[in-house]
Amino acid sequence: MWNRAFTGLVVVLPLALAGCVPDSALTAGGPPPGGVIALRLEPCTDLTHAAGYDLGAEATNDFRSVLEATPAFRLDPAGRYRLVCTVSDFVEGPPSVYWTPPAGAATRGKVGARIIDGASGATLAAVRNDGEVPAGGLMTVNVNSFVLRTTVERTVHDLAAWARGEHAAGAAVP
């Protein structure tokens, strides 16, 4: 019983204490099509080639699960709009638990996504998100997956805001 409680603290408490610091930018290249947008999710491209990880597959799975839970979108293999995603930066933090900033470097990840009109080839919306868990604080072995997942969640959140018409065409949102 204590073992399970300790495991829960090791997983949940560090995420609450460390947090993931997002930095995002959305560029709307056109107005949203309106209604629930049917998306074809393409496999994410991993530009990092980080050893020991398949970040493309991990990001694709994260996008799939987050999009399925987002009312603005519906995954549809025959959908007119394509979601193209990339993982373009990944810096792995320390693999062990550490308590103070000098003990290690931050864990960072950068994810980008574009919604492309399959009929015209036009990019309707593009988002770039950088996620980081700063050095210092109690961390977990899963912090690398946490950074990627949190960055994907923020990316879908930004795309959903665009889909709801909260960003004008051509507007960049820091």
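A. Representation of the nonpolar core in the model. One finds F63, F73, L83 and W162 to be the most contacted residues of the largest nonpolar core, which totals 32 residues. Going through the elements one at a time, β1 (21-28), β2 (37-41), α2 (55-68), β5 (81-91), β6 (107-117), β7 (123-133) and α3 (143-163) are the ones with two or more residues in this core. Tallying contributions element by element places α3 first for this core, with seven residues. When residues no more than four places from it in sequence are discounted, the contact partners of F73 are V36, I37, L39, L67, I115, V156, L159, A160 and A163.

B. Representation of the side chain of T151 in the model. Along the polypeptide, T151 turns up in helix α3. The residues touching T151, leaving out its near neighbours within four places in the chain, are G109, V111, N129, D130 and G131.

C. Broad picture of the state of the cysteines. A complete count under the given rule lists one disulfide for this structure. Residue pairing for C44: its cysteine sulfur links by disulfide to C85, the two sulfurs lying 1.9 Å apart. On the S-S bond that ties C44 to C85, the torsion sits near -90 degrees, and the link is left-handed. Here C44, found in the loop between β2 and β3 (45-46), pairs with C85, found in strand β5; they are 41 residues apart in sequence, far enough to count as distant. Taking relative accessible area as the criterion, C85 reaches 0% and is therefore assigned buried.

Calculation criteria
- Residues numbered from 1 in each chain as written.
- Predicted model: local features only at pLDDT ≥ 70, side-chain atom pairs only at ≥ 80, totals over all residues.
- Heavy atoms only, no water.
- Core = buried A, V, L, I, M, F, W, Y, C linked by side-chain atoms within 4.5 Å.
- Buried < 20%, exposed > 50% of the residue type's maximum accessible area, 1.4 Å probe, protein only.
- Helix = DSSP H or I, 4+ residues; strand = E, 2+ residues; numbered from the N terminus.
- Contact = heavy atoms within 4.5 Å.
- Disulfide = S-S within 2.5 Å.

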